[in-house]
Amino acid sequence: MTENQKDVYAKVAWKLLPILFISYIVSYLDRVNIGFAALRMQQDLNFSDAIYGLGAGVFFIGYVLFEVPSNLFLTRIGARKTIMRIMIAWGIVSSCMMFVKTPMQFYIIRFLLGAFEAGFFPGIILYLTYWFPTHRRGGIIAVFMSAIAIAGIVGGPVSGWIIKYMDGTHGLHGWQWMFLLEGAPAIILGIIAAFILADSPQEAKWLTAAERSQIAREVGSSNDELQIEGLVRQDDGSKHDLKDVVRDPRVYALALVYFSVICGLYILGFWLPSMIKNYGVADPFHIGLLTAVPFIASASGGIPTRLENAGGTCLAA
């Protein structure tokens, strides 16, 4: 690997990863800030735990239904417009949570939030395949996904502070301010992304012609030109369609592993604030500080490991 090759991918990483990383932090906050809202929202709106739990879970129905269509749409209009559309839409919907009064409104907005946000994470993973060959992809994605730990560290104290100290400001509850203030960044980032991101290396004006050719050549040689619309071409020229995927037991084994990981992650996100409150901690800001503890542990152990596996640092290697 030449120094020139390292410099090119470092240049790409520093251009793309900051906006994508920050956006994923905001994305995760918009999914789980409902856990902090429950500290006061349930009492203010007289929602039972069953109503809250159903509303939190309805998010994933919209997410599952629209995840694949959203990514197929990405291949048609490009990543830049797709990411802008997703972020602005979910930011608006997330902010609209402040107007919820009834359980049905709660369910509808949570469903819409899942539907609008559905294509973001898989869309970013697909987008990164356009820029990085296979041997670099794992490290880049690991750094990107580390945003979850950072979101947990930052989001808890911020959400708790907003709920406590902005309660009653201009006649609004603290949880209403939380949805407004944590939804707005998604709208702003969506607009910024439209100016920063390029759909592909070939359209990146901040790369030289030689750099664009190098990325296209290396990504292509590692068989990373994905053929969406149901087909992926292998090194031997063969084609595999959807029925081969659904018949492969390895797909279900990996899905089960990921399902288990996600269940644990969202149990923390949705219920940890209420669990801490039930142990006698009443101050929302203190609850926010305590919810950051598991994510600090995750960041302390997980992020260095990811960087090590990525070869020291994904941005330099």
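Residues numbered from 1 in each chain as written. Predicted model: local features only at pLDDT ≥ 70, side-chain atom pairs only at ≥ 80, totals over all residues. Heavy atoms only, no water.

Asker: For this particular structure, what's the right way to read a nonpolar patch on the surface?
Answerer: The grouping of Met-104, Ile-108, Leu-112 and Phe-116 at the surface amounts to a nonpolar patch, some 350 Å² of accessible area in total. Its place among the elements puts Phe-116 in helix α5 (residues 103–117). (Patch = residues over 30% accessible without salt bridge, like charges linked within 9 Å, V, L, I, M, F, W, Y side chains within 5 Å. Areas by Shrake-Rupley, 256 points an atom, 1.4 Å probe, with all protein chains shown as cover. Salt bridge = Lys/Arg side-chain N within 4 Å of Asp/Glu carboxyl O. Helix = DSSP H or I, 4+ residues; strand = E, 2+ residues; numbered from the N terminus.)

Asker: Where do I start with the packing of helix α2 (residues 34–45) against helix α12 (residues 249–278) in this structure?
Answerer: Two quantities define a packed helix pair, namely the angle between the axes and the distance from one axis to the other. Orientation of α2 relative to α12, taken along the N-to-C sense of each, is 40 degrees, at an axis distance of 7 Å. Judged by the inter-axis angle, α2 sits oblique to α12. The way α2 lies across α12 gives a crossing that is right-handed. Contacts from Ile-34, Gly-35, Phe-36, Ala-38 and Leu-39 in α2 reach Gly-269, Phe-270, Pro-273, Ser-274 and Lys-277 in α12. Broken down by class, the residue content of the contact of α2 with α12 amounts to six nonpolar, three polar and one charged. (Axes fitted to C-alpha atoms, helices over the stretch in contact; angles between N-to-C directions. Parallel < 35°, antiparallel > 145°, perpendicular 65-115°, else oblique. Left-handed = near helix turned anticlockwise from the far one by under 90°. Contact = heavy atoms within 4.5 Å. Nonpolar A, V, L, I, M, F, W, Y, C, P; charged D, E, K, R; others polar.)

Asker: I'm lost on the side chain of Thr-82 in this one. Help?
Answerer: Along the chain, the position of Thr-82 falls in helix α4 (residues 79–95). If we skip the residues at most four places from it in the chain, Thr-82 touches Ser-70, Phe-73, Leu-74 and Ile-77.

Asker: Would you take a moment to explain the packing of aromatic side chains for this structure?
Answerer: The description of an aromatic ring pair rests on the distance of the ring centres and on the angle between the ring planes. Applying the stated criterion to the full structure yields 21 aromatic pairs. Relative to Phe-121, the ring of Tyr-24 lies with its centre 5.6 Å away and its plane at 25 degrees, an arrangement referred to as stacked. With a gap of 97 residues between them, Tyr-24 in helix α1 (residues 3–32) and Phe-121 in helix α6 (residues 120–129) connect regions that are remote in the sequence. Looking at Phe-121, the relative accessible area reads 14%, which means it is buried. Among the aromatic side chains, those forming a connected cluster through ring pairs are Tyr-28, Phe-59, Phe-60, Tyr-63, Tyr-266 and Phe-270. (Phe/Tyr/Trp six-rings, centres within 6.5 Å; stacked < 30°, edge-to-face > 60°. Buried < 20%, exposed > 50% of the residue type's maximum accessible area, 1.4 Å probe, protein only.)

Asker: Quick question: what am I supposed to make of the nonpolar core here?
Answerer: Across soluble globular proteins, you tend to see nonpolar side chains buried next to one another. Within the largest apolar cluster, 80 residues are counted, with the highest numbers of intra-cluster contacts made by Leu-20, Met-41 and Phe-106. Among the elements that line this core, the one with the most residues is α1, at 14 residues. Met-41 has contacts with Ile-34, Asn-46, Phe-47, Met-97, Val-100, Phe-106, Trp-175 and Phe-179, leaving out every residue within four places of it along the chain. (Core = buried A, V, L, I, M, F, W, Y, C linked by side-chain atoms within 4.5 Å.)

Asker: What should I look at first to understand the environment of Gly-183 in this one?
Answerer: With respect to the element layout, Gly-183 can be found in helix α9 (residues 174–196). Gly-183 gets classed as buried once you look at its relative accessible area, which sits at 0%. Sequence-distant contacts of Gly-183, that is, excluding residues within four places in its chain, are made with Asp-30, Gly-91, Ser-94 and Ser-95.

Asker: Is there a simple way to think about the pattern of salt bridges in this case?
Answerer: Opposite charge on two side chains permits them to pair, given that their charged atoms come into close proximity. Overall, the coordinates contain three salt bridges when judged by the stated rule. Lys-11 is paired through a salt bridge with Glu-211; the nearest N and O atoms lie 3.1 Å apart. Taken together, the residues Lys-11 in helix α1 and Glu-211 in helix α10 (residues 209–221) connect sequence positions 200 residues apart. With relative accessibility at 15%, the residue Glu-211 sits in the buried group.

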